[in-house]
There are 2 protein chains.
Amino acid sequence: MRGVVMHAPGDVRVVDREDPQIVQPTDAIIRVTAACVCGSDLWPYRGIDDATDAPMGHEYVGVVEAVGAEVKTVKPGDFVAGSFMASDNTCEICQAGYQSRCVHVESMGRIGTQAERARIPLADGTLVATPGQPAPELIPSLLAASDVLGTGWFAAVAAEVGPGKTVAVVGDGAVGLLGVLSAKHFGAERIIAMSRHADRQDLAREFGATDIVEERGDAGVARIKELTGGLGAHSVIEAVGTQESMMQAIRSTRPGGHVGYVGVSHDVQLPGRELFFSGVHLHGGPAPVRRFLPELIQLIWDRRIDPGKVFDLTLPLEDAAEAYRAMDERRAIKVLLQP
Amino acid sequence: MRGVVMHAPGDVRVVDREDPQIVQPTDAIIRVTAACVCGSDLWPYRGIDDATDAPMGHEYVGVVEAVGAEVKTVKPGDFVAGSFMASDNTCEICQAGYQSRCVHVESMGRIGTQAERARIPLADGTLVATPGQPAPELIPSLLAASDVLGTGWFAAVAAEVGPGKTVAVVGDGAVGLLGVLSAKHFGAERIIAMSRHADRQDLAREFGATDIVEERGDAGVARIKELTGGLGAHSVIEAVGTQESMMQAIRSTRPGGHVGYVGVSHDVQLPGRELFFSGVHLHGGPAPVRRFLPELIQLIWDRRIDPGKVFDLTLPLEDAAEAYRAMDERRAIKVLLQP
C-alpha cells in the first residue's frame, strides 16, 4: 500500500509500505477513507522532534476490512472513527475517562494513518462505528472527531467551560478553533479567540467567538484582563504548547479559574512560585478522545456541529509533501488527505 | 506592646513594637490569645527568603478590643479566628471561594501576629467569631484553623479527596498531618502518609492514615505505585514546596488524578512535557482559609475534629527564639506562642 513517511525533517515522502495484517486478536484493519496532517506533525517536520523514516499520521476515519477473533463491537463494512491513541476502554484509567493513558495504550502515530490502510489495535476499545455509511459531506467532521475536535472538546472540559463564563482561547490552529466551537457548545457567555490571522478570526467567529484579541504575550494578557474587569477569564484553553502560550494562558486566568492545556508541551518549564500564587487549576495532556467520541459522532450525525470546516485544503495522499508545506507555511489551517 | 521580629535570618527577637491602631474604618484590633510559628516562617529563618527586622507571624486567635466605624459582624469582646490573608469576602474572587486572592487582599504576615495585639484589616471579611468564649482546650484547634488546618483542608479539596479514593500525602509537617485529618473527614478509603519520623507517623495514624511510606523521591513514588496496583493515588496532597516534593506528588498521582499543592513553592520548575503526559489535575496555592473557616470553627466547637494536636510545644511569646529553633531543628511539629 501507499503511505506517508517522514524521511527526515522537512522531507515528507509517499512510499510503498507493507500492507497491515491482523497481529493481535483484538486488532482491526481499516481502509482509510480520510486522514490528515496534525499541528503536532509539524514538530518533527521542523526538526524540533526527531523523525527518521517515520510512518506519519494518527487521525483517521475509514471502513473496517477485517477484524481479529476477539473483536466484538465492529465488523467488516462498518464505517468507523477512532482516537489517535488506541485504548482497551475497560481498565480503571479508561473507566475514569482517561483512555489516552490506558494501561494498554498504543499510539496510532507509530502505526501511521496517512496511508491506504491501517492496523487499529484494541479495536473494540478504540473505534466507534457511525450509525450508518456517512454522507460525503460528513467525512471531514468525523475525521476531525478523531483528534482535533476531541482535543478542543477536552480542553473545554478541562477548563470547566460553562454557562455564564468568559473563556479565552490561546492558539488559532484547528484545535484552538474547535476549542471555540466546544466552548460555544458548553454555553460560555463570552468567548475570546486570540488570533492575528483574518481567515482564522472569521472561522473563530463562525464557531462562536464573541471577541478577537490580536495581541500576544504580556500585551495579550493585559487585553484579556481589560476585557474581564481586571480579573482574567474564568476558563482558558491553551492549544499551542510553547512557554509563551502556556504563560499567556496561566496569566490570562483569574484566581480559582481553570486552564485546559492541550498543546503538546515543547521546552516548557512552569515557574512553581508564579503558578502557586496564580491560584489557577491546571489540567490537560493528550486528550482522551475516546471518552467523547460517541457523543461527538452523534452531534455530527445530527448536523448540530460542523467541525469539518477546519479543513480548508483537500489533497490526494500522493501530495502529502504539499500538505505539510501548506500547514507549515500557514497557508492552510488543516489539510485533509484522500488515499 | 511586645512582638516578634526577625532581625536577620536565624536571629529572632522579641521587641517593643508600637501598639496597633485603627487605620481604616474596616479595621479591628484584637488582643492575641494565641499565635504560632508556621513552617513558612522557616524560609526566612533559614535565609532562603529575605527578612530584615520583619514583624513575624500570620496565624492568630484572639479577642476583639476595638473596631472601626464600618465593622458590622464582630464587636469588642468577641472571640475570633481569622485567615492569614485579610479579604473583603465580597468581591467576585472571594465569592468564588478564593479569598486569599481577594482583589483587596492584605497579607497578615506583613502585620505580624506573633505579638500581644494585631490590627486586622477588612475585619468583616476576615474574622469569624466563635459561638461563645472557647474552653481553653479548644484554643489550639481554633488557632490551627487560622492557617494549617485551613490549608490542609484546602489541599484535600483541591486534590478532590472523596469516598473510595486513595490519597497520598507528601510532607509530614502540620499542614501535611492536617491534610491527613482532612482526607479522613472527606471519606477517603485509604490514606498514605509519607513520613520518616516516628512521632509524626503516630499523629498521622491518629488523624486517619492507613499506611505509612518512609521512602522519598523516586523510591517513594515506586512505593505508592506498588500500593495502588501500579496506577498511582487518586489524590495527592503536596505540603512541602520543593522541586522534589512537587515531582514526588505529580508522579505519585494516576492519570486523571488530582494533586492539591499547598507547600509554598521555592525554586520549583515544573517540566511541561512530563506534566502534560502525566494527565493529572494540578491545583493549589495560598489556601482560601476564609472559605472554610465557619465550617471548621463549628467542627472544632462540636469537638468532631481535634487539629490542635499538631501543637506539641507551647511557649510564652518571650521565648519565640526557642520556638523557631525547635521547629527548625524538627524537635517540634508546631509551636504555640502565648503573649
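Note that the structure is a prediction, hence the values are computed from the model and not measured. (Residues numbered from 1 in each chain as written. Chains lettered and ligands numbered in written order. Predicted model: local features only at pLDDT ≥ 70, side-chain atom pairs only at ≥ 80, totals over all residues. Heavy atoms only, no water.)

Some thoughts on the environment of Asp211 of chain A
Residues and elements named next belong to chain A.
Link 1 in the chain: Here Asp211 is to be found in strand 13 (residues 211-213).
Link 2 in the chain: Given a relative accessible area of 18%, Asp211 falls into the buried group.
Link 3 in the chain: Put simply, Asp211 and Ala118 are 93 residues apart on the chain and 41 Å apart in space, counted from C-alpha to C-alpha.
Link 4 in the chain: Those residues within four positions of Asp211 in sequence are excluded, and the remaining contacts are Arg190, Ile191, Ile192, Ala193 and Leu227.
Link 5 in the chain: There is a polar contact of 2.8 Å between the side chain of Asp211 and the side chain of Thr210. (Helix = DSSP H or I, 4+ residues; strand = E, 2+ residues; numbered from the N terminus. Buried < 20%, exposed > 50% of the residue type's maximum accessible area, 1.4 Å probe, protein only. Contact = heavy atoms within 4.5 Å. Polar contact = N/O pair within 3.5 Å; in protein donor to acceptor, adjacent residues only side chain to side chain.)

Overview of the relation of the copies chain A and chain B
Link 1 in the chain: Overlaying chain A with chain B gives an RMSD of 0.0 Å, the required rotation being 180° about an axis along which the chain moves by 0.0 Å. Expressed as an axis order, the relation between the two copies is that of a two-fold axis. (Least-squares fit on C-alpha atoms with pLDDT ≥ 70 in both.)

A word on the pattern of salt bridges
Residues and elements named next belong to chain A.
Link 1 in the chain: A complete count under the given rule lists 44 salt bridges over all chains for this structure.
Link 2 in the chain: A salt bridge links Glu318 to Arg2; the shortest N-O distance between them is 2.8 Å. Here Glu318 is found in the loop between strand 18 (313-316) and helix 13 (320-328), whereas its partner Arg2 is found in strand 1 (residues 2-8), with 316 residues between them in sequence.
Link 3 in the chain: Assessed through its relative accessible area of 42%, Glu318 is described here as partly exposed.
Link 4 in the chain: In this structure, Arg190 and Asp211 form a salt bridge, with 3.0 Å as the shortest nitrogen-oxygen distance. Separated by 21 residues along the polypeptide, Arg190 in strand 12 (residues 190-194) and Asp211 in strand 13 bring together distant segments of the chain.
Link 5 in the chain: Among the charged side chains, a salt-bridge network with shared partners connects Glu322, Arg325, Glu329 and Arg331. (Salt bridge = Lys/Arg side-chain N within 4 Å of Asp/Glu carboxyl O.)

Here's the deal with the sheet that holds strand 2 (residues 11-16) of chain A
Residue and element names in this part refer to chain A.
Link 1 in the chain: Within the open sheet, the 3 strands sit side by side as 2-1-4. Their pairing is antiparallel. Both edges of this open sheet fall to strand 2 and strand 4 (54-55), since each of them pairs with a single strand only.
Link 2 in the chain: Of the pairings in the sheet, the one linking strand 1 to strand 4 comprises 2 bridges and is antiparallel in character. Counterpart to Met6 in the pairing with strand 4 is Ala54.
Link 3 in the chain: Most of the contacts of helix 13 go to strand 2, to which it runs at about 155°, and overall it touches strand 1 and strand 2. (Pairing = 2+ DSSP bridges. Axes fitted to C-alpha atoms, helices over the stretch in contact; angles between N-to-C directions.)

Focus: helix 12 (residues 289-301) of chain A
Residues and elements named next belong to chain A.
Link 1 in the chain: An ideal rise of 1.5 Å per residue puts 18 Å on 13 residues; helix 12 measures up with 17 Å between its terminal C-alpha atoms.
Link 2 in the chain: On the buried face of helix 12, the contacting elements are strand 6 (79-82), helix 4 (123-126), strand 10 (127-129), helix 5 (139-145), helix 6 (148-158) and helix 7 (174-185).
Link 3 in the chain: Phi turns positive one or two residues past the end of helix 12, at Arg303, with a value near 55°. (Expected span 1.5 Å × (residues − 1).)

Brief notes about the interface of chain A and chain B
Link 1 in the chain: Contacts between the two partners involve 35 residues from chain A and, on the opposite side, 35 residues from chain B.
Link 2 in the chain: Counting the surface lost from both chain A and chain B, the interface buries some 3,100 Å², and carbon and sulfur atoms represent 60% of this.
Link 3 in the chain: Here chain A and chain B share 2 salt bridges between them.
Link 4 in the chain: Close ionic contact of Glu92 of chain A with Arg254 of chain B constitutes a salt bridge, the shortest N to O distance being 2.8 Å.
Link 5 in the chain: Across the contact surface, chain A and chain B share 20 residue pairs in polar contact (both at pLDDT 80 or more).
Link 6 in the chain: Examining the composition of the side of chain A that touches chain B, we find that 6 residues originate from one element, helix 11 (residues 272-278) of chain A, more than from any other.
Link 7 in the chain: Across the side of chain A that touches chain B, the residue classes break down as 17 nonpolar, 13 polar and 5 charged. (Buried area = accessible area lost by both parts, 1.4 Å probe. Nonpolar A, V, L, I, M, F, W, Y, C, P; charged D, E, K, R; others polar.)

Thoughts on the domain arrangement of chain A
Residue and element names in this part refer to chain A.
Link 1 in the chain: Looking at the assigned domains, one finds that chain A contains domain 1 (2-147 + 288-338) and domain 2 (152-284).
Link 2 in the chain: Spacing between the C-alpha centres of domain 1 and domain 2 amounts to 26 Å.
Link 3 in the chain: The interface is formed by 21 residues belonging to domain 1 together with 21 residues belonging to domain 2.
Link 4 in the chain: By the criterion of area lost to domain 2, the three top residues of domain 1 are Trp43, Arg330 and Ile333, representing 33% of everything that side buries.
Link 5 in the chain: Our count for the domain 1 to domain 2 interface comes out at 2 salt bridges.
Link 6 in the chain: Across the pair Glu206 and Lys309 runs a salt bridge, and its minimum N-O distance is 2.4 Å.
Link 7 in the chain: Seen at the junction of domain 1 and domain 2, the total is 5 residue pairs in polar contact (both at pLDDT 80 or more). (Domains from an automatic or database assignment.)

Notes on the sheet that holds strand 1 (residues 2-8) of chain B
Residues and elements named next belong to chain B.
Link 1 in the chain: Reading across the sheet, the 3 strands line up as 2-1-4 and stay open at both edges, with antiparallel pairing between neighbours. The open sheet terminates on both sides in strands that have one partner only, identified here as strand 2 (11-16) and strand 4 (54-55).
Link 2 in the chain: The sheet contacts of helix 13 (residues 320-328) involve strand 1 and strand 2, and relative to strand 2 the element is tilted by about 155°.

What to know about unusual backbone geometry
Backbone geometry follows two general trends: most residues other than glycine have a negative phi, and most peptide bonds adopt the trans configuration.
Link 1 in the chain: Located in the positive-phi region is Leu122 of chain A, a residue other than glycine, with phi close to 50°.
Link 2 in the chain: Turning to its location among the elements, Leu122 of chain A is positioned in the loop between strand 9 (117-120) and helix 4.
Link 3 in the chain: Accessibility expressed as a relative area gives 16% for Leu122 of chain A, which makes it buried.
Link 4 in the chain: The phi dihedral of Asn89 of chain B is positive, around 60°, even though this residue is not glycine.

Quick look at the nonpolar core
Link 1 in the chain: Counting residues in hydrophobic clusters, the biggest one holds 63 residues, and the most contacted among them are Val61, Leu149, Trp153, Leu178, Phe207 and Val310 of chain A.
Link 2 in the chain: Two domains each donate at least three residues to this core, and these are domain 1 (2-147 + 288-338) and domain 2 (152-284) of chain A.
Link 3 in the chain: Beyond its immediate chain neighbours, meaning those up to four positions away, Trp153 of chain A contacts Leu181, Ser182, His185, Phe186, Phe292, Glu295, Leu296, Leu299 and Ile305 of chain A.
Link 4 in the chain: With 62 residues, the next largest nonpolar core counts Phe79, Ile93, Leu149 and Ala188 of chain B among its residues. (Core = buried A, V, L, I, M, F, W, Y, C linked by side-chain atoms within 4.5 Å.)

Side note on the packing of aromatic side chains
Link 1 in the chain: Evaluation of the coordinates by the stated rule reveals 10 aromatic pairs over all chains.
Link 2 in the chain: With centroids separated by 4.9 Å and ring planes inclined at 80°, the aromatic side chains of Phe276 of chain A and Phe277 of chain A adopt a geometry described as edge-to-face.
Link 3 in the chain: With a relative accessible area of 33%, Phe277 of chain A lands in the partly exposed category.
Link 4 in the chain: A connected cluster of aromatic rings, assembled from ring pairs, spans Tyr261 of chain A together with Phe276 and Phe277 of chain B.
Link 5 in the chain: Above the ring of Tyr98 of chain B, the side-chain terminus of Arg291 of chain B is found at 5.0 Å from the ring centroid. (Phe/Tyr/Trp six-rings, centres within 6.5 Å; stacked < 30°, edge-to-face > 60°. Lys NZ or Arg CZ within 6 Å of the ring centre and 35° of its normal.)

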